[in-house]
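Notes for the structure review
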Amino acid sequence: MTKKHIDACVRDSLEQYFKDLRGAEPHSLHEMLIQAVEKPLLDVVMKQADGNQSKAAEWLGLNRNTLRRKLLDHKILK
């Protein structure tokens, strides 16, 4: 899967979201999208990194402490 494919998936999902609103105005769209994407992103990256937070943080371009906080926030880490 390329960046272009991911972009197309996001665009298609957002187009469907606006269709489902049937003219209603969205609220907190940015926050909703970040919440929808961030948790599965962290989950998959942590699995691919075999639970290695340092490796996952490097792959994500995050500070390890920031990654740890996000993992706790999303209840991926206990």
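Not measured: the values here are computed from a predicted model.

Conventions we followed
- Every chain begins its residue count from 1, and numbering advances along the sequence as written.
- Totals for whole chains, interfaces and linings use all residues, but because this is a predicted model, local features are given only for residues with pLDDT of at least 70 and pairs of side-chain atoms are given and counted only at 80 or more.
- Excluding hydrogens and water, the side-chain figures rest on all heavy atoms present in the structure.
- Helix numbering and strand numbering both begin at the N terminus, where a helix is a DSSP run of H or I of at least 4 residues and a strand a DSSP run of E of at least 2.
- With a 1.4 Å probe rolled over the protein chains alone, any residue whose accessible area is under 20% of its type maximum counts as buried; one over 50% counts as exposed, and the rest are partly exposed.
- A fitted line through C-alpha atoms represents every axis, and for helices the fit uses only the stretch in contact; the resulting angles, taken between N-to-C directions, go from 0 to 180 degrees.
- Take the far helix as the reference: if the near one is turned anticlockwise from it by less than a right angle, the crossing is left-handed, and if turned clockwise, right-handed.
- Note on contacts: a residue pair qualifies if any of its non-hydrogen atoms lie within 4.5 Å across the two residues.
- Basically, the charged four are Asp, Glu, Lys and Arg, the nonpolar ten are Ala, Val, Leu, Ile, Met, Phe, Trp, Tyr, Cys and Pro, and anything else, Gly included, counts as polar.
- Here a Phe, Tyr or Trp ring, Trp counted by its six-membered ring, pairs with any other such ring whose centre lies within 6.5 Å, and the pair is stacked when the planes are under 30 degrees apart, edge-to-face when over 60, and tilted otherwise.
- The cut-offs work like this: below 35 degrees is roughly parallel, past 145 is roughly antiparallel, 65 to 115 is roughly perpendicular, and the gaps in between are oblique.

**Looking at unusual backbone geometry**
In most cases, non-glycine residues show a negative phi, while peptide bonds are predominantly trans. The backbone of S28 shows a phi angle near 50 degrees, a positive value even though the residue is not glycine. Structurally, S28 can be placed in the loop between α1 (3-21) and α2 (29-48). Under the relative-accessibility criterion, S28 is labelled exposed at 56%. Positive phi values are uncommon outside glycine, yet D50 reaches one of about 55 degrees. For D50, a relative accessible area of 71% puts it in the exposed group.

**Focus: the packing of α2 against helix α4 (residues 64-73)**
Their axes nearest at 10 Å, the elements α2 and α4 cross at an angle of 115 degrees. In the crossing of α2 with α4, the sense of the turn from one axis to the other is left-handed. Taking contact as the criterion, the partners of E38, L42 and M46 in α2 are, on α4, L67, K70 and L71. A breakdown of the residues in the contact of α2 with α4 according to their chemical character gives four nonpolar, no polar and two charged.

**What to know about the packing of aromatic side chains**
Applying the stated criterion across every chain, the model contains one aromatic pair. For the pair Y17 and F18, a centre-to-centre distance of 5.7 Å together with 80 degrees between the ring planes defines the contact as edge-to-face. You can call F18 partly exposed: its relative accessible area is 41%.

**A short note on the packing of α2 against helix α3 (residues 53-60)**
One can describe the packing of α2 onto α3 by two numbers: an axis separation of 9 Å at closest approach and a directional angle of 125 degrees. In terms of axis orientation, α2 runs oblique to α3. Considering how the two elements wind past one another, α2 and α3 form a crossing that is right-handed. Residues L41, L42, V45, M46 and Q48 of α2 touch α3, and the partners they reach there are Q53, A56, W59 and L60. Counted by class, the contact of α2 with α3 contains seven nonpolar, two polar and no charged residues.

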